[in-house]
Amino acid sequence: MKTTFVSIAAGFAALGFAAAAHAAPSKDAILKTYADIAQAGYEDSVTLAKDLKTAVDALVANPSEETMSAARAAWVTSRVPYMQTEVYRFGNPIVDDWEGKVNAWPLDEGLIDYVDASYGTASEDNAAYVANVIANPSVTIGADMVDASAIDATLIAETLHEVGGVEANVATGYHAVEFLLWGQDLNGTDAGAGERPWTDYASGDACTNGNCDRRAEYIMTATNLLIADLEWMAAQWGPDGDARTDLVSDGVDGGIARILTGMGSLSYAELAGERMQLGLLLHDPEEEHDCFADNTHNSHFYDAQGILNAYAGSYTRIDGSKVEGASVSDLVAEKDEAADKALMASLDATMVAMGALKDRADNGEAYDQMIGEGNAEGNAVVQAAIDGLTAQTKGIEAAVAVLGLEPIAFEGSDSLDSPEAVFE
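What counts, and where the lines are drawn
Residues numbered from 1 in each chain as written. Predicted model: local features only at pLDDT ≥ 70, side-chain atom pairs only at ≥ 80, totals over all residues. Heavy atoms only, no water. 1 Å grid on protein atoms, 1.4 Å probe; cavity = no way out; pocket = protein on both sides within 12 Å on 5 of 7 lines; lining within 4 Å. Points joined across faces, edges and corners; volume = space filled by probe spheres on them. Nonpolar A, V, L, I, M, F, W, Y, C, P; charged D, E, K, R; others polar. Phe/Tyr/Trp six-rings, centres within 6.5 Å; stacked < 30°, edge-to-face > 60°. Helix = DSSP H or I, 4+ residues; strand = E, 2+ residues; numbered from the N terminus. Buried < 20%, exposed > 50% of the residue type's maximum accessible area, 1.4 Å probe, protein only. pLDDT = per-residue confidence, 0-100. Contact = heavy atoms within 4.5 Å. Core = buried A, V, L, I, M, F, W, Y, C linked by side-chain atoms within 4.5 Å. Patch = residues over 30% accessible without salt bridge, like charges linked within 9 Å, V, L, I, M, F, W, Y side chains within 5 Å. Areas by Shrake-Rupley, 256 points an atom, 1.4 Å probe, with all protein chains shown as cover. Salt bridge = Lys/Arg side-chain N within 4 Å of Asp/Glu carboxyl O. Lys, Arg positive; Asp, Glu negative; His and termini not counted. Charge placed at Lys NZ, Arg CZ, Asp CG, Glu CD. Axes fitted to C-alpha atoms, helices over the stretch in contact; angles between N-to-C directions. Parallel < 35°, antiparallel > 145°, perpendicular 65-115°, else oblique. Left-handed = near helix turned anticlockwise from the far one by under 90°.

Focus: the layout of surface pockets
So, step 1. Taken as a whole, the second largest pocket encloses approximately 410 Å³ of empty space.
So, step 2. Lining the second largest pocket are 20 residues; nearest its centre among them are Leu 107, Glu 109, Glu 286, Cys 291 and Phe 292.
So, step 3. For the lining of the second largest pocket, a count of residues per class yields ten nonpolar, four polar and six charged.

Given below as structure tokens:
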């Protein structure tokens, strides 16, 4: 893994130096590259979500250790292109408004299926905390009775998702499917992911934990919805798509500002702050992004890769081909070569730090173990990635100034700006 990563980082570094040697491209061309990469990333996400569906269908048709393992592997693979599109969420309202359907997190998993006794039996904040619609064809949520006899797209996407206005009632998307493949991770900061048995999809007397037929209906429905939602977003970035059109609704300078907004917002408050520093400060595995699968290291790595893609104007598709063209890097380099080199170096340094984190996880120490209390070496690896993200945010702010754009106020994060507030 480390060898592959180094070649990627070196390639982007070379791209940065090459960019500095050329005249600035048109801003329209930069925005086209950005939109083309978005379209490609979402199309790749659709392709791999369909592979996930094939694996899920095989699990349901022929439950076994092998088909469960294959479905889990397909889920992990499906996350790679999607996470590289997260940079589009920030700065593009059409993506941000839609994102909750496919990547909402964290989730109160008791809404969907059985949970361990340690989860509790009620929540003051969530009337659907232990609704368990897989076990219950009729559930009462607050003052409302919900008919869950048919587990279909209407029930999951329209009735259950964020029911009661509670964002933790996540009924659709990657993480709902993840929970149905792995189950809860009850290991804290010790080794081990979720351990849902394949027999949760078996039939007859072999079925464990009851309602295997309804569980199968749920995971198949959720996977089909994921594909449909991703197809919709891929179309929004097509030649006549609303997202591509909206990108220039405030003029080309507004579009360039959106790219930098997405880079800075994901770098700082979202990834460095909410998803990483908060969990590290609290040493809390509940703050882990892909928590059931212990896939958080990949999630963070490809988020950072997406930020680099947006700046460098290059994306490597799942078939190995590249979508690339005029970039913000080219534009900054034409104005201030040193500023471009500094930002590119900072982005590359973050990828090195993320690569070290990913390599550590790939070699046996999961992210939730790395952030565990008393794990000084693991904590330091995570902190290095956080430091890289915060440093590159300063470079993004410098790029905004170089281009003469209106200053962008990236959202702050208590865990970064006022860490003492986290413990209050």
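Following the structure, the description resumes.
Section: the packing of aromatic side chains
So, step 1. A complete count under the given rule lists nine aromatic pairs for this structure.
So, step 2. Here the aromatic rings of Trp 75 and Trp 182 are separated by 5.4 Å at their centres, their planes lie at 75 degrees, and the arrangement is edge-to-face. Of the two residues, Trp 75 sits in helix H3 (residues 65–83) while Trp 182 sits in helix H6 (residues 174–182), which places them 107 residues apart along the sequence. Residue Trp 75 shares its accessibility class with Trp 182, and that shared class is buried.
So, step 3. Summarising the aromatic geometry, the rings of Phe 301 and Tyr 302 are spaced 4.9 Å apart at their centres and angled 80 degrees between planes, so their arrangement reads as edge-to-face. For the pair formed by Phe 301 and Tyr 302, the shared burial category is buried.

Notes on the confidence of the model for the chain
So, step 1. When the pLDDT values of the chain are averaged, the result is 93; 95% of them are 70 or greater.
So, step 2. Here residues 1–21 scores under 50 on pLDDT; set against residues more than four positions off or in separate chains, the count is 31 contacts.

Observations regarding the nonpolar core
So, step 1. Core analysis: the biggest nonpolar cluster contains 120 residues, and Tyr 42, Tyr 218, Trp 237, Leu 260 and Met 276 have the highest contact counts within it.
So, step 2. With 14 residues, helix H2 (residues 27–61) is the largest single contributor of residues to this core.
So, step 3. For Met 276, the contacting residues outside a window of four places in its chain are Leu 271, His 300, Met 354, Leu 357, Tyr 367, Val 382, Ala 385, Ile 386 and Leu 389.

Here's the deal with the environment of Ala 326
So, step 1. Relative to the helices and strands, Ala 326 is located in the loop between strand S4 (322–324) and helix H11 (328–335).
So, step 2. Sequence separation between Ala 326 and Thr 33 is 293 residues; the distance between their C-alpha atoms is 6.2 Å.
So, step 3. Ala 326 has contacts with Pro 25, Ala 29, Ile 30 and Thr 33, leaving out every residue within four places of it along the chain.

Comments concerning a negative patch on the surface
So, step 1. A surface patch of negative charge is lined by Asp 414, Asp 417, Glu 420 and Glu 424.
So, step 2. By the secondary structure assignment, Glu 420 is in the segment after helix H15 (414–417).

Some details on empty space enclosed by the protein
So, step 1. Evaluated as defined, the whole model comprises one cavity of 30 Å³ or more.
So, step 2. Here the largest cavity is characterised by a volume of approximately 40 Å³.
So, step 3. In terms of lining, the largest cavity is formed by Ile 30, Thr 33, Tyr 34, Ile 37, Ile 259, Ala 310, Tyr 311, Gly 313, Ala 326, Ser 327 and Val 328.
So, step 4. At four residues, the largest contribution of residues to the lining of the largest cavity is made by H2.
So, step 5. Considered class by class, the residues forming the lining of the largest cavity number eight nonpolar, three polar and no charged.

Re the packing of H3 against H6
So, step 1. H6 packs onto H3 with a crossing angle of 155 degrees between their chain directions and a minimal axis gap of 10 Å. Judged by the angle between their axes, H3 and H6 are roughly antiparallel. Of the two possible hands of crossing, H3 and H6 adopt the one that is left-handed. For the pair H3 and H6, contact is made by Met 68, Ala 71, Arg 72, Trp 75, Val 76, Ser 78, Arg 79 and Tyr 82 and by Tyr 174, His 175, Val 177, Glu 178, Leu 181 and Trp 182, respectively.
So, step 2. Along the lines of polarity and charge, the residues of the contact of H3 with H6 split into nine nonpolar, two polar and three charged.

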